[in-house]
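# Coordinate inspection notes
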Amino acid sequence: MAELLALAPGEVHVWMTSPEPLQDPAQLAGYAAWMNPEEAARQARFLFERHRHQFLVARALVRSTLSRYAAIDPRDWRFVNNQWGRPDIDPTHGLGDLRFNLSHTDGLIAVALARGELGVDVEDTWRRSHTDQIAEHFFAPSEVAALRALAPDQQHGRFFTLWTLKEAYIKARGMGLAISLHAFAYALDDAAIGLTIDPSLGDDASGWQLFLHAPTERHKLALAVRDPRGTPAQL
């Protein structure tokens, strides 16, 4: 058995894979055998095969990655959902403050691990979407204004940067769209990512550490991390 990996306070480990190349029937059957009945039922509800495949590989990545940090077989992991539906490791595993967060899109799946609050989001910037309409509907007014101030050829990339950051934050809070996307805003420049949070959310922006990454030419990845000890995050 391979030696288990350590995850120190303040460290954030991100594991990624591309689901499309994984097509070996025996391998996929093995992944399917890891899923519990609830996961299998969720997979079956997807209308399109590529989404069922993406879901399968995502769940396999979560389970196999967690088994690098704890002596638990991938098929034996148990999960619990909070009231907003975010999955966490079942406390009966006795792993303390170990947390994970998962995100997937066409061409990329990412799972992040840390000992504290964290959210990860990946987006495919090549997908077709009405970014201008989405920004007007979901972004804070200051974000929309900053987006519109850019040259037209820069707006598409900035939209996805903001979208991944916003998704990462709400996922880290564990409340999903119960948090209004208008109630917090990012200000971006070459040196830093600024975050302001409306008092209605009952949160302090100063504790959050934010990261952006471009794992491929078509994908953007964002992380929002808050360590209860205030440890600077190392990605």
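See the structure shown above.
In this report, we go over the structure that sits alongside the text.

## Here we look at the nonpolar core
Phe-139, Tyr-169, Phe-184, Tyr-186, Leu-195 and Ile-197 are the most contacted members of the largest nonpolar core, which totals 26 residues. Residue contributions to this core peak at nine residues, all from helix 6 (residues 152–173). Setting aside residues no more than four positions away along its own chain, Ile-197 makes contact with Tyr-169, Ala-183, Phe-184, Asp-203, Asp-204, Ala-205 and Trp-208. Core analysis: the next-biggest nonpolar cluster, separate from the first, contains 19 residues, Leu-7, Val-62, Phe-79 and Leu-102 among them.

## Side note on the pattern of salt bridges
Tallied over the full model, the rule gives 18 salt bridges. We note a salt bridge from Glu-39 to Arg-63, for which the minimum N-O separation is 2.8 Å. On the criterion of sequence distance, the pair formed by Glu-39 in helix 2 (residues 37–44) and Arg-63 in helix 3 (residues 49–66) is long-range, its members being 24 residues apart. The class for Glu-39 is buried, based on a relative accessible area of 1%.

## As for the packing of helix 4 (residues 131–138) against helix 6
One can describe the packing of helix 4 onto helix 6 by two numbers: an axis separation of 11 Å at closest approach and a directional angle of 40°. As the angle between them shows, helix 4 and helix 6 are arranged oblique. Note on packing geometry: the crossing formed by helix 4 with helix 6 is left-handed. Only His-156, Phe-159, Phe-160, Trp-163 and Lys-166 of helix 6 make contact with helix 4, whose side of the interface consists of Thr-131, Ile-134, Ala-135 and Phe-138. Grouping the amino acids of the contact of helix 4 with helix 6 by side-chain chemistry returns six nonpolar, two polar and one charged.

## Things to note about empty space enclosed by the protein
Under the counting rule described, the total for this entry stands at one cavity of 30 Å³ or more. Its boundaries defined by the atoms lining it, the largest cavity holds a volume of some 30 Å³. Gly-10, Glu-11, Val-12, Ala-114, Arg-115, Gly-116, Val-225, Arg-226 and Asp-227 together form the lining of the largest cavity. Of the residues in the lining of the largest cavity, the class split is three nonpolar, two polar and four charged.

## Examining the sheet that holds strand 9 (residues 209–213)
Pairing is antiparallel in the open sheet, where three strands are placed in the order 6-10-9. Because the sheet does not close on itself, it has two edges, and the strands there are strand 6 (117–124) and strand 9. Across the sheet, the mean angle separating the axes of adjacent strands is 10° when strand polarity is ignored. With five bridges connecting them, strand 9 and strand 10 (residues 219–226) associate as antiparallel partners. Within strand 10, the residue paired with Leu-212 across the bridge is Ala-222. The strands touched by helix 6 are strand 6, strand 9 and strand 10; relative to strand 6, the strand with the most contacts, the crossing angle is about 150°.

## Some remarks on the sheet that holds strand 5 (residues 108–114)
Ordered in space as 1-5-4, the three strands form an open sheet in which the pairing is antiparallel. Each edge of the sheet is formed by a strand with only one pairing partner; in this case those strands are strand 1 (13–17) and strand 4 (99–105). Put simply, the sheet's adjacent strands are angled 15° from each other on average, direction ignored. Pairing analysis gives seven bridges linking strand 4 to strand 5, with the strands arranged antiparallel. Bridging from a neighbouring strand, Asn-101 pairs with Ala-112 of strand 5. Sheet contacts for helix 3: strand 1, strand 4 and strand 5; angle to strand 5, the most-contacted strand, approximately 30°.

## Quick word on the layout of surface pockets
Volume-wise, the largest pocket comes out at about 720 Å³. Forming the walls of the largest pocket are 29 residues, and the residues nearest its centre are Leu-102, Ser-103, His-104, Glu-167 and Lys-171. Mapped onto the lining of the largest pocket, the elements with two or more residues apiece are helix 3, strand 4, strand 6 and helix 6. Ranked by residue count, the leading element in the lining of the largest pocket is strand 4, at six residues.

## Regarding the packing of aromatic side chains
Applying the stated criterion across every chain yields a total of 11 aromatic pairs. Geometrically, the ring pair formed by Phe-138 and Trp-163 is edge-to-face, given 5.8 Å between the ring centres and 70° between the ring planes. Separated by 25 residues along the polypeptide, Phe-138 in helix 4 and Trp-163 in helix 6 bring together distant segments of the chain. Among the aromatic side chains, those forming a connected cluster through ring pairs are Phe-138, Phe-139, Phe-159, Phe-160 and Trp-163. In this structure, Lys-166 packs its charged tip against the face of Phe-184, placed 4.1 Å from the ring centre.

Each value, and the rule that gives it
- Residues numbered from 1 in each chain as written.
- Predicted model: local features only at pLDDT ≥ 70, side-chain atom pairs only at ≥ 80, totals over all residues.
- Heavy atoms only, no water.
- Core = buried A, V, L, I, M, F, W, Y, C linked by side-chain atoms within 4.5 Å.
- Buried < 20%, exposed > 50% of the residue type's maximum accessible area, 1.4 Å probe, protein only.
- Helix = DSSP H or I, 4+ residues; strand = E, 2+ residues; numbered from the N terminus.
- Contact = heavy atoms within 4.5 Å.
- Salt bridge = Lys/Arg side-chain N within 4 Å of Asp/Glu carboxyl O.
- Axes fitted to C-alpha atoms, helices over the stretch in contact; angles between N-to-C directions.
- Parallel < 35°, antiparallel > 145°, perpendicular 65-115°, else oblique.
- Left-handed = near helix turned anticlockwise from the far one by under 90°.
- Nonpolar A, V, L, I, M, F, W, Y, C, P; charged D, E, K, R; others polar.
- 1 Å grid on protein atoms, 1.4 Å probe; cavity = no way out; pocket = protein on both sides within 12 Å on 5 of 7 lines; lining within 4 Å.
- Points joined across faces, edges and corners; volume = space filled by probe spheres on them.
- Pairing = 2+ DSSP bridges.
- Phe/Tyr/Trp six-rings, centres within 6.5 Å; stacked < 30°, edge-to-face > 60°.
- Lys NZ or Arg CZ within 6 Å of the ring centre and 35° of its normal.

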